[in-house]
Amino acid sequence: MDNAHTIIIYNAILATTEKMLTAAQNSEWDQLVSLEQECRKLTDTLKRNNTEPSLDKELQQKKIKIIHQILDNDAQIRAIIEPWMARLQEMLSINKRTRNLQQTYQPINNI
């Protein structure tokens, strides 16, 4: 992978995380999951081509700036979804306890 292609992939990851942030802000969970999969494919491309070329100082600074923006988007996404995930986990836990109680105390019809 050459220098230009490396920066193109980092920019594509940045664009995808920006879309992910928008999806999270709008509670578009299916879209968020789809974009996360797209982002994973892009990062897998970087991993597969682990022999990343040595970037000159300007491109290295550009890459660092892009990575910081990606990490900032990720932090904002997490700030949105973590409370939502906690509420979802609580709802699932309550439903499980309710189901367990219903099974435990259901009438026995065959006595």
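Refer to the structure presented above.
Residues numbered from 1 in each chain as written. Predicted model: local features only at pLDDT ≥ 70, side-chain atom pairs only at ≥ 80, totals over all residues. Heavy atoms only, no water.

Student: Give me helix α1 (residues 3-25): which residues, what numbers.
Tutor: Between its first and last C-alpha atoms α1 spans 33 Å; for 23 residues at 1.5 Å apiece the expected length is 33 Å, and the two agree. Those residues of α1 that sit buried are T6, I7, I9, Y10, I13, L14, T16, T17, M20, L21, A23 and A24. Of the residues one or two after α1, S27 is the one with positive phi, at around 55 degrees. (Helix = DSSP H or I, 4+ residues; strand = E, 2+ residues; numbered from the N terminus. Expected span 1.5 Å × (residues − 1). Buried < 20%, exposed > 50% of the residue type's maximum accessible area, 1.4 Å probe, protein only.)

Student: How would you sum up the pattern of salt bridges? Please name residues and give values.
Tutor: The final tally for this structure, using the stated rule, is two salt bridges. Here R78 ties to D74 by a salt bridge, and the two come within 2.9 Å at their closest N and O atoms. Of the two residues, R78 and D74 both sit in helix α3 (residues 57-104), four residues apart, roughly one turn of that helix. Residue R78 is classed as partly exposed on the basis of its relative accessible area, which comes to 43%. Residue D74 is classed as partly exposed on the basis of its relative accessible area, which comes to 30%. (Salt bridge = Lys/Arg side-chain N within 4 Å of Asp/Glu carboxyl O.)

Keep in mind these numbers describe shape, not what the thing actually does.
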